[in-house]
Amino acid sequence: MSEVNLSAAEMARYARHITIPEFNVEGQKKLKAAKVLVIGAGGLGSPVLLYLAAAGIGHLGIVDFDVVDESNLQRQVLYTVEDIGKSKAENAKKRLLALNPHLEVTIHNVRITSDNAREIISQYDVVADGTDNFQTRYLVNDACVLENKTNVYASIFRFEGQVSVFNYLNEDGKRGPNYRDMFPEPPPPGLVPNCAEGGVIGVLPGIIGSMQALEVIKVVSGVGTPLAGRLFLLDAATFETRTLKVYKNPNTKIEGLIDYDLFCGIHPVKEDEANKVKEVSVQELKGFIDQKNDIKLIDVREPFEYEIANLNAELIPLSSVLDAAERFKHSDKVIVHCKSGARSAKAIKLLQEELELDNLYNLKGGILAYAREIDTSLQTY
Amino acid sequence: MAKIIIPTPLRKFTDNQSTFDTTGVTVKEAVAELITTHGDLAKHLLDDDQKIRSFIRIYLGEDDINALDKEDTAVAENDIISIVPAIAGGSI
């Protein structure tokens, strides 16, 4: 640590840190010497990266392979309208260096996988996990355990936030509990919706991500007591908070990285003939409508989505398609659609399995594709 | 009466109620009472052997019931039971 020095400009910049007695110049030097990897530059990653950059973490790594989408701007405060369609990692780097030119920022514009996770994580001191799916959560956790890195964890869903510090090196030289000690196995796919399906209130990642940044700073500087062995919960809807104890589980064994899709129950799609979903394009649908073909159009989205935009289809939400199966029977084609095509494919599979209907067609790309390619006056969301 | 706090992802099975008052004197009884009232919760909380699913933790106060007497953990008047599910959102 002794080789790290703060310039006059840095001393001025970080004056409000340096005047905190227990933080002082030594704490600031530790931040400057630190290499922190932020995985996911989205809802959580935005405040984490902004605050860590502002606070003077010397070297920030960003893992994100995605591009900025308009619907990200409701909460991903790193980005502006001009960034839509552009690389998150590259634009995040630009924004962070504009905020604090004293930093080094490395971007990893890749999807983190079992093949590259250990190599990337090994280059950093601390990891902040702000990813959005269970496969990556377990992958990041296991790689941190194998590489002996502290994993500052945060997760959000609708109004609910969780924060913890996993695999923290305690004073006795032993590592604290990790994510698998808390949750040995992930939920089966479909049981817990992700943010895209379930939604998230825009300010929540700002609150929870700021707490995550705070824990990174505490871990790096050694100031305060990190949230290791504890899980913080916030219910933003009721403003109830709880801090629960997390224990090490003697049955937790992490010996190497595995196939996390398989572990999370996500199997490669094996389409047999009976299970195949037939598709029509939005152009074909337009043709059927223009020619007044005797097709039936069914929308399996939720009523609130139907209110935003609809194609005058009959509304039968996915959860009730089997109860309403009779309504899918029709002399000609029945075209089923949802927002982008995934739920309608699921509905068709369910109906094909239960009723052996062979006149069901999925609208490829859903109402979003229709809005994009046929009727641009339709409201998108 | 003891209270069970329902996490956001499971509230759609409890008519959006965030808490449930229970007279159960063990965690097992309290969870059974909750499931009797809100039947759709059963498959989300319990596995085929009627055990709490491995991606859900049950807490009494700030303690994991696995560090106490598991599902037989005694529940006293005014205790708070938390159901804590794994959630994964953050980036999207």
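Quick caveat, the model's predicted, so the values are computed rather than measured.

**Student:** So what about unusual backbone geometry? Which residues, and what values?
**Tutor:** Glycine aside, the phi torsion of most residues is negative, and most peptide linkages are trans. In the Ramachandran plot, Lys292 of chain A falls in the positive-phi region, its phi being about 55° despite a non-glycine side chain. You can see Lys292 of chain A is positioned in the loop between helix H12 (282–290) and strand E10 (296–299). Of the residues examined, Lys292 of chain A has 7 C-beta atoms within 10 Å and is grouped as exposed. The phi dihedral of Asp15 of chain B falls on the positive side, at around 50°, and the residue is not glycine. Taking the number of C-beta atoms within 10 Å as the measure of exposure, Asp15 of chain B has 9 and is therefore exposed.

**Student:** How would you summarise the sheet that holds strand E2 (residues 19–22) of chain B if you had to cite specific residues and measurements?
**Tutor:** Residue and element names in this part refer to chain B. Read across the open sheet, the five strands follow the order E2-E1-E5-E3-E4; overall the sheet is mixed. The sheet terminates laterally at E2 and strand E4 (63–64), the two strands that pair on one side only. Summarising the sheet, strand E3 (residues 56–60) and E4 pair through two bridges and their orientation is antiparallel. Its bridge partner being in E4, Tyr59 is matched across the sheet by Asp64. Contacting strand E1 (2–5), E2, E3 and strand E5 (80–85), helix H1 (residues 27–37) runs over the sheet at an angle of about 120° to E2.

**Student:** Mind laying out the nonpolar core, listing which residues take part and the relevant values?
**Tutor:** Residues and elements named next belong to chain A. Counting residues in each nonpolar core, the largest one holds 87 residues, and the members touching the most others are Val36, Val38, Leu49, Val127 and Val216. At eight residues, helix H10 (residues 204–221) tops the list of elements feeding residues into this core. Sequence-distant contacts of Val127, defined by excluding residues within four places in its chain, comprise Leu37, Ile39, Ile121, Val140, Cys144, Lys149, Asn151 and Val152. Core analysis: the second largest hydrophobic core is formed by 20 residues, Val282, Val300, Ile316 and Val336 among them.

**Student:** So what's going on with the packing of helix H4 (residues 45–55) of chain A against helix H5 (residues 88–99) of chain A? Residues and values would help.
**Tutor:** Residue and element names in this part refer to chain A. Across the interface, H4 lies against H5 with an axial gap of 9 Å and an inter-helix angle of 30°. Accordingly, the angle class assigned to the pair H4 and H5 is roughly parallel. Remark: the crossing between H4 and H5 carries right-handed chirality. Residues Leu49, Leu50, Ala53 and Ala54 of H4 touch H5, and the partners they reach there are Ala92, Leu96 and Leu99. Among the residues forming the contact of H4 with H5, the class breakdown is seven nonpolar, no polar and no charged.

**Student:** Break down the sheet that holds strand E12 (residues 334–337) of chain A for me, citing the residues and quoting the values.
**Tutor:** Residue and element names in this part refer to chain A. The strand order across the open sheet built from five strands is E9-E13-E12-E10-E11, with neighbouring strands paired in parallel fashion. Of all the strands in the sheet, just strand E9 (278–280) and strand E11 (314–315) have a single pairing partner and so form its edges. In terms of strand pairing, E10 meets E12 through four bridges, oriented parallel. Across the sheet, Asp299 pairs through a bridge with His337, a residue of E12.

Parameters and conventions
Residues numbered from 1 in each chain as written. Chains lettered and ligands numbered in written order. Predicted model: local features only at pLDDT ≥ 70, side-chain atom pairs only at ≥ 80, totals over all residues. Helix = DSSP H or I, 4+ residues; strand = E, 2+ residues; numbered from the N terminus. Buried ≥ 20, exposed ≤ 12 C-beta atoms within 10 Å, placed from the backbone. Pairing = 2+ DSSP bridges. Contact = placed C-beta atoms within 7 Å. Axes fitted to C-alpha atoms, helices over the stretch in contact; angles between N-to-C directions. Core = buried A, V, L, I, M, F, W, Y, C linked by C-beta atoms within 7 Å. Parallel < 35°, antiparallel > 145°, perpendicular 65-115°, else oblique. Left-handed = near helix turned anticlockwise from the far one by under 90°. Nonpolar A, V, L, I, M, F, W, Y, C, P; charged D, E, K, R; others polar.

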